[in-house]
Structures are given as structure tokens and as C-alpha cells.
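Listed below are the residues making up each chain.
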Amino acid sequence: MSEPVLQARGLAKTFGHVVGLDRVDLTLSAGEVLAVIGDNGAGKSTLIKCLSGAMVPDAGTISVEGRQVSFRTTQDARAAGIETVYQTLAVAPALDIASNLFLAREQRRPGVLGTVFRMLDTGAMKKQAKQRIDDLGITTLQNINQAVETLSGGQRQAVAVARAAAFGSKVVILDEPTAALGVRETGQVLRLIRDLRDRGLGVILISHNMPNVFEVADKIHIQRLGRRLGVITPRSHTPAEAVAIMTGAATLDPAQDADDLVDTPRNT
Amino acid sequence: MSQTLDTSASAEDITKPRDSLDRRLHGVLHRMPALSPLVVLVIACVVFAVANPRFIRPENLSILLQQAAVVGSLAVGQTLVILTAGIDLSVGAIMVLATLVMGKLAFGGMPDVVAFLIGFALAVAAAFLNGLLVTRIKLPPFIVTLGTLSVFTALALIYAQGQTITLNPGTFLTWSGTVIPIGRFGLTVGVLMMLLLYIGFAYALRQTAWGRHLYATGDDPEAARLAGVRTSRVLLSAYVVAGAVIGIAAWILVGRINGADPNAGLNANLESITAVVIGGTSLFGGRGVVVGSLIGALIVQVFDNGLALIGVNPNYQVLAVGVLVIVAVAADQWIRSVKS
């Protein structure tokens, strides 16, 4: 694996007296699933919000494919090829599935209708939305004209994941994507994560679910109390050890930090 | 949440639940929020036409439309703000202030077009101030516009110095009052302006990215922001564009009363909100269509006109509109409760 697709150095963020992130480093390679685990308040959400442009860190640098970037808004991160599925899903309930997929990246009609009258190309967007959902193998979304609020939780999750997967060109970040899902839907999301990785994208997965993490992750970044404790792999540690480290019951031997390993072979 | 998720997706596909009448009605109203006010409008018109045939005479319907033009136009701007889950209590006050500026400047000898443009710019600036206070200082829209309602009302009274301005009909400023006869109907330019506003904004809300962002912002601002919508800018734009609409409404008012009067349009603030709410737009934002507000404004006017024609005490009209508002909000609550 070559240059990291996404790299963060020394990210820090405080909320008044509360330290959200304390000089956190993170490295993500293309074609890699990096899980981020940690107890509540470990700074997982703050970390991904900084990486996705939803929050501006107080200090530290972020670079995409070696080029330093500074995200002021989620639009900036999207433009750099980073898509995020938030825990809250960030879908507009009253809009239909196609409109949600294209929210804030609407396509306009060609010609005068588009340039002068700013008319949306609803037909083309619907067609593409359908195409992308089919390509991703998402079977739970049948009618893309349906308002998102009429969907079940699992289907809403599928909309949010489809949006990120359809437009993410370099990195897809997923915050607790399976927390609200049943067994079958969880399986679909995990398969989607592997698909994205196999297409050469970098995937960051934030999850509490250790079996899921150990099933799909290539590396596991452990956060505790706003700090990065280290990076392990599913082969170097067991789920029980990972939980022990993230809760402070055990410590991680710095020699075992997987970030220092060059080119980790992927388990297939 | 989690209990509902496991089953619904798979179960829905296989066994489509037989829709009860209740559910079907819910679904239809959910898709078409302006349908129930339209039904009310049609029924009201039929009832009044039967009770007194004078009601459906073209002359009467023309007057009805002319009377609805000012509040109907204001309701367009109010709809934009309410769709963002905001409210603008000051639209009427801004309109009155703008009419006084237009009227006084024109009366003082300034060319009508220039007077209009200054009044129009003032309306936009006043609404911009509302928008700034809401988006930058993050004050609740209700409080902001309650404050500016008093400010602009007072400014209008101070500026008017107790005067009422009368302008000549047929000039640029009073052009909106010019009657265009269409058969036995007599529509004013102001009525046509109002209809154009509805057509324009129905298009903008439905067919442009701005419209979608407005709905998304009103629906769930945090979700819209995370999805990449610049919610603060969208919110500000709603107030500013509403200001432009208020400027047009001021022009229509000048044409209607052939001048400017600090006491004209005193109730327009609340009447515009009434029209929007009766028209099926949700006060909680993100739901509704602009044409509903036209229907809402017409319903109020039809009740007013119809009850007068059949000789009912006008206080009952006020009572009826009050009941309608409560029914409309209750209906909205029911429509919003999605049973999936």
C-alpha cells in the first residue's frame, strides 16, 4: 500500500473545559478498513466530525493523499472525496430517497432551463439514484420516490449508506452504521463496507460492536478519554483484549502498535 | 427504535398491509398538504353560492380576489419563512412602512419608479435585519420579529406624522390598482402580481435546489447541515426573499388604497400567518406548499364575503376563521405523525 489516503496529525479539540480530542494521529490507507473504537466520551465522534468537516479542530493537520487540507464545512470534505454516514443519518425526513441522495449536490437541467431558470433535472437524478442503489446491491429500497420518513430505520440507514457509498471517491466514514439494524441489514452493511474497500476506498468504521469490528476491520484504532492509545489488528489482539485496552483495564504495548508496521497484509 | 427495525423492511415487502381508509387518507394528505384546504374552499363556495347566488357573480368574485391580493401576497413571503420552521410577525409592519416611504417620496415629487425602488429596498433591508438576527445572533424568529414588529410599526407611525397620503390613480405606483376587465371579471394588476408570485415561488420551491434546501433546512436543520446544505445561508435567504415579496405586497397595497396609510394593513401580520396555516403549511417547518397559502387567503376572504352576503353578523366570520386555524393545526399534527 502506498501513501495514506487520509492522515491526521495532532488533532485537538476542546469544548470549554472538556477535552474532546487530545493530539490524535490517524492514518488510513486506500483499500483499508480502519475501525475506531473507544468507550463513551473517548472522542470517536469528535474525531470523525473533524475528518468530515462537520467540526473544525482547534489544532492539528489533516491531509488527503499527502496534500494538506483544511475543512471548514462538510462540503469541503465532500469535495476532497470524503463522505460520511452520521449516526443521526443526516437525512431529510420529508424529502424522497432520490432527493436525499442528491441533497446539496443537485443536478440542473442542461441549457437555459438549468442556467437561467435553475431547474433541477429530477428525472436524471432519480435514474442515477436508482442505478446507484442497484449497483450497491441494496435491496431494501424499492421505490425511490418514497419520502424517507415513511421508511423503517434500517431502510433509512440504507439511504444514508447509499449516499456516502455512491459519492465517496476516496474515503467513506461510517459512525455506528449498524447500531440500529437487525441481523440481515447488518450483514448487508458489512458486505457494503467490504465492497467499498475492494473498490480501493479507505473506510473508517466507528462501532461499539466488537464482532462487527473484528469481522471487517484491517486495523483498529483505539481511543480513550480523547487520546489515541494505539492501533491494533484483528490478528494481534482478541476482542476481549481490545475491550480491556479501550476501557483502561489493560495497556497497549507500544511495540505492538500496528501503525508502525509497514504494509499490513490483508486477511481475505 | 430498534424494535421496529428488524421486522419492517422484510415484512413490508412480503405482506403489504391492507390499507384502512384512515391510513389511505393519511397517505393522501401527507403527499398533498393543500388538498384539505382546497376541499374546504370548494365547499364554502358552493354553500355560499346556494345561500345567495350573488356570491358567484363575477363582480363579487372579482372584488373578493382584489381584497385577497395584499394578504395573499404577504402570505407568499410568510410561507417561505414558515417552511424554515420560522415565523415572521413583522411582515405587515414592514409592508406598511414601505408603502409610506413609497407614498411620501412620490408625493414629495420624486419619480414613482425611484420611490418604489427605495421602498422596495427598505422592505428587503428590514427583512434582512430579521434574518441576520435569526441566523447570526441565533435568536428565536418569534422573538426577533415580535421586536421588529413594534420597531417597524413605530417607525411607520413616526414617519407618517399622522398623515395619510393620497396618490392619483393610473400612475406607476398605483398601477397595481388598475382594473383589467376580462369578460365580466375585473382583475386588478395587483391580483395578477399576486398570482405571478404564487406561480414563481411554486416553481422555485419545487424545481430548484434552493427550494429543496429550504424544505430540508426547515425539516431537520442539523441533518441538512451535515448533508452539506449551507443552512445558515438558506435561512437568511428565506427572510430576504420574503422581504422582496413584502416590497411587492406594499406596491399592491398602494394601488389598492391609492396611497399610503399607517393604519392600513394593521392586521396583515397575523392574517398572513392565518392564510399560511389554513393552507396546510406546517408551523414546524419543512412541510407544505405555497399554493396552499393562496387557498388559505381565499378561504378567509370567502368566509368574510359570503357571511356578509347572507347577512350573518361579521363577528361570526372571525370566529369561523379562528376555528379553521385550530382545525388546520390539528390536522397538521395528525398528518405529521407517520405510522409506518
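Parameters at a glance
- Residues numbered from 1 in each chain as written.
- Chains lettered and ligands numbered in written order.
- Predicted model: local features only at pLDDT ≥ 70, side-chain atom pairs only at ≥ 80, totals over all residues.
- Heavy atoms only, no water.
- UniProt positions renumbered as here; feature names shortened; annotations may be inferred.
- Helix = DSSP H or I, 4+ residues; strand = E, 2+ residues; numbered from the N terminus.
- Rg over C-alpha atoms; globule rule 2.2 N^0.38 Å.
- Buried < 20%, exposed > 50% of the residue type's maximum accessible area, 1.4 Å probe, protein only.
- Contact = heavy atoms within 4.5 Å.
- Buried area = accessible area lost by both parts, 1.4 Å probe.
- Salt bridge = Lys/Arg side-chain N within 4 Å of Asp/Glu carboxyl O.
- Polar contact = N/O pair within 3.5 Å; in protein donor to acceptor, adjacent residues only side chain to side chain.
- Phe/Tyr/Trp six-rings, centres within 6.5 Å; stacked < 30°, edge-to-face > 60°.
- pLDDT = per-residue confidence, 0-100.
- Pairing = 2+ DSSP bridges.
- Axes fitted to C-alpha atoms, helices over the stretch in contact; angles between N-to-C directions.

With an unreviewed UniProt entry as reference, chain B is termed Fructose transport system permease protein, source organism Kutzneria buriramensis. Turning to chain B, the UniProt record has this under Subcellular location (unreviewed entry): "Cell membrane".

Per an unreviewed UniProt entry, chain A goes by Fructose transport system ATP-binding protein and derives from Kutzneria buriramensis.

J.: I'm lost on the overall build of chain A in this one. Help?
T.: Counting secondary structure elements, chain A contains nine helices and ten strands. Taking 18 Å as the expected radius of gyration for a compact globule of 268 residues, we find that chain A reaches 19 Å, a close match to that expectation. Structurally, chain A occupies a C-alpha span of about 60 × 40 × 35 Å along its principal axes. Evaluated residue by residue, chain A yields a buried proportion of 56% over its 268 residues. Pairs at least 24 apart in sequence give 66% of the contacts found in chain A among residues at least 6 apart.

J.: I keep staring at the interface of chain A and chain B and nothing clicks. Help me out?
T.: In many reports, interface size means the accessible area that the parts give up when they come together. The interface is formed by 37 residues belonging to chain A together with 27 residues belonging to chain B. Of the roughly 2,700 Å² buried between chain A and chain B, counting both surfaces, carbon and sulfur atoms make up 57%. When the area that chain A buries against chain B is broken down by residue, the three leading residues are A:L103, A:L120 and A:E149, summing to 17%. Put simply, chain A and chain B have one salt bridge between them. Where A:E149 meets B:R287, a salt bridge forms, and the shortest distance between an N and an O atom there is 2.9 Å. Applying the counting rule to chain A against chain B returns eleven residue pairs in polar contact (both at pLDDT 80 or more). Elements supplying a minimum of two residues to the side of chain A that touches chain B: α2 (74-79), α5 (122-135), α6 (153-167) and α7 (183-198) of chain A. Looking at the side of chain A that touches chain B element by element, the count peaks at four residues for α6(A).

J.: Is there a simple way to think about the packing of aromatic side chains in this case?
T.: Centre-to-centre distance and the angle between the planes together describe a pair of aromatic rings. Residue and element names in this part refer to chain B. Per the counting criterion, the structure on display carries eight aromatic pairs over all chains. Centroid distance F116 to F120: 5.7 Å. Interplanar angle 35°. Geometry classified as tilted. Of this pair, F116 and F120 are both found in helix α6 (residues 112-135), four residues apart, which corresponds to roughly one turn of the helix. A relative accessible area of 21% places F120 in the partly exposed class. Ring geometry for F116 against F172: centres 5.9 Å apart, planes inclined by 75°, an arrangement best described as edge-to-face. Here F116 is found in helix α6, whereas its partner F172 is found in the loop between β1 (165-166) and β2 (179-182), with 56 residues between them in sequence. On the basis of relative accessible area, F116 is assigned to the buried category, the value being 8%. Ring pairs connect the aromatic residues F116, F120, F172, W175 and W251, which therefore count as one cluster.

J.: What is the right way to read the environment of B:T174 from this model?
T.: All names here are of chain B. Mapped onto the elements of the fold, T174 is located in the loop between β1 and β2. A residue is classified by how much of its surface remains accessible, and T174, at 1% relative accessible area, is buried. Along the primary structure T174 and I257 are separated by 83 residues, whereas in three dimensions their C-alpha atoms are 8.5 Å apart. Excluding its chain neighbours within four sequence positions, the residues that come into contact with T174 are L167, N168, P169, V254, G255 and N258. A polar contact of 2.8 Å, which involves the side chain of T174, links it to the backbone oxygen of N168. Only 2.9 Å separates the side chain of T174 from the side chain of T171, close enough to count as a polar contact.

J.: Looking at this model, I keep getting lost on the UniProt feature "domain: ABC transporter" (unreviewed entry) in chain A. Mind explaining?
T.: Under the UniProt annotation, "domain: ABC transporter" (unreviewed entry) lies at residues 6-250 of chain A. Annotated as residues 6-250 of chain A, this span is 34% helix and 26% strand, and its ends, taken at the C-alpha atoms, are 29 Å apart.

J.: I tried to follow unusual backbone geometry on my own but got confused; where do I start?
T.: For residues besides glycine, phi is generally negative; the peptide bonds are generally trans as well. A positive phi angle is found at A:A104, which is not glycine, with a value near 70°. Counting through the fold element by element, A:A104 comes out in the loop between α3 (97-101) and α4 (112-115).

J.: Got a minute to help me understand the confidence of the model for chain B in this structure?
T.: If pLDDT is low for a region, its predicted coordinates should not be looked at in detail. Considering every residue of chain B, the mean pLDDT works out to 90; 94% of them sit at 70 or more. Contacts of residues 1-16 of chain B to residues separated by more than four positions or lying in other chains number 16 contacts, the stretch itself having pLDDT below 50.

J.: Could you clarify how one ought to interpret the sheet that holds strand β3 (residues 32-38) of chain A in this entry?
T.: In any sheet, the strands associate via hydrogen bonds between backbone groups, in a parallel or an antiparallel arrangement. Residue and element names in this part refer to chain A. Read from one edge of the open sheet, six strands run β6-β7-β8-β3-β9-β10, paired in mixed fashion. With partners counted over all chains shown, the strands left at the sheet margins are β6 (82-85) and β10 (227-232), one partner each. In this sheet, adjacent strand axes meet at a mean angle of 20° when their direction is disregarded. Taken together, the five bridges between β3 and strand β8 (residues 202-206) define a ladder with parallel strand orientation. The residue of β8 that forms the bridge with E32 is G202. The strands that helix α1 (residues 44-52) touches are β3, β6, β7 (171-175), β8 and β9 (219-224); relative to β7, the one it contacts most, it runs at about 150°.

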